[in-house]
Amino acid sequence: MTDGDADAPDTYRTVAGPGQADFEVRGSEFVGYVSPAETVADAEAFIGDVESEHPDATHNVPAYRVPADPSKADVLLREWCSDDGEPTGSSGKPALNVLVQRDVRNVVAVVTRYYGGTNLGVGGLARAYSRAVKEAVDDAGVVEKRPHERFRAVVAYDDSGTVRGILESTGVEFEADYDEQVAFAVRVPVADAAALRDRLRSATSGRVDLS
């Protein structure tokens, strides 16, 4: 696993949706899967889903590139992979390298292998796992998106209507939790985040708790 630190780009490349590819190499069946993932938890949940779908597979090799902390606006990327029992360096790293070379992020990949009785060697495995991820990415398609960050805005009920109105008027994504206070979980483009926070503080005379 590595964490890459860089300035958040104006846009980033990711897969447009789920993608899949399957083929055989010398009797072994390979099934490649990719999916968008906004968080490490999203990526790990997807990996778990694929493992549940293929519990009898010889290997389920995962790789992902996702924000280490969604609140940091995609600046710090967590890159992780596993060989899942294949020879060291033969599968997880080649799968991850495809995501790096294609310059896609906020993405998770899993390659399922059913062993066909013939050893492919490290080079053969690397080619097969790379191909599975490449073809799954091609199947999904690649799009450009704007980096987003998340924050929470907590207010008393008296200010909740004001905050909700601002969030609705700006068109950002949010969820509201009405309890003793009202907590808004907000997802906003990085470029707009600071201005939105300032607007919420101003509209509530500083009574909003932002975290």
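Residues numbered from 1 in each chain as written. Predicted model: local features only at pLDDT ≥ 70, side-chain atom pairs only at ≥ 80, totals over all residues. Heavy atoms only, no water.

Colleague: Lay out the packing of aromatic side chains in plain terms, naming residues and giving numbers.
Modeller: With the rule as written, the count across this model stands at 5 aromatic pairs. Seen in terms of ring centroids, Phe30 and Tyr129 are 5.3 Å apart; in terms of plane orientation they differ by 90°. Their pairing is edge-to-face. Taken together, the residues Phe30 in strand S4 (residues 28–36) and Tyr129 in helix H3 (residues 121–140) connect sequence positions 99 residues apart. Phe30 sits in the buried class, given a relative accessible area of 0%. You can call Tyr129 buried: its relative accessible area is 0%. Centre to centre, the rings of Tyr157 and Tyr178 are 6.0 Å apart; their planes meet at 50°, and the pair counts as tilted. Here Tyr157 is found in helix H4 (residues 157–170), whereas its partner Tyr178 is found in strand S10 (residues 173–178), with 21 residues between them in sequence. By relative accessible area, Tyr178 is classed as partly exposed at 40%. (Phe/Tyr/Trp six-rings, centres within 6.5 Å; stacked < 30°, edge-to-face > 60°. Helix = DSSP H or I, 4+ residues; strand = E, 2+ residues; numbered from the N terminus. Buried < 20%, exposed > 50% of the residue type's maximum accessible area, 1.4 Å probe, protein only.)

Colleague: Give a description of H3 that names residues and reports values.
Modeller: The terminal C-alpha atoms of H3, which comprises 20 residues, lie 29 Å apart, in line with the 28 Å expected from a rise of 1.5 Å per residue. Turning to H3, its buried residues are Gly124, Leu125, Ala126, Ala128, Tyr129, Ser130, Ala132, Val133, Ala136, Val137 and Ala140. One or two steps after H3, the chain reaches Gly141, where phi turns positive at roughly 85°. (Expected span 1.5 Å × (residues − 1).)

Colleague: Help me get a handle on the environment of Val155, residues and values and all.
Modeller: Among the secondary structure elements, Val155 is positioned in strand S9 (residues 148–155). Among the residues examined, Val155 registers a relative accessible area of 1% and is labelled buried. If we skip the residues at most four places from it in the chain, Val155 touches Ser160, Val163, Gln181, Val182, Phe184 and Val208. (Contact = heavy atoms within 4.5 Å.)

Colleague: Can you break down the nonpolar core residue by residue, with the values?
Modeller: Ranked by internal contacts, the top residues of the largest apolar core, which has 24 residues, are Phe30, Val34, Leu99 and Val133. Elements supplying a minimum of two residues to this core: strand S3 (19–25), S4, strand S5 (59–67), helix H2 (92–101), strand S7 (107–114) and H3. The element best represented in this core is H3, accounting for 8 residues. Those residues in contact with Phe30, other than ones at most four positions away along the chain, are Ala21, Asp22, Phe23, Val25, Val111, Thr112, Arg113, Leu120, Leu125, Ala128 and Tyr129. Grouped together as the second largest cluster of nonpolar side chains are 16 residues, Val155, Phe184, Ala193 and Val208 included. (Core = buried A, V, L, I, M, F, W, Y, C linked by side-chain atoms within 4.5 Å.)

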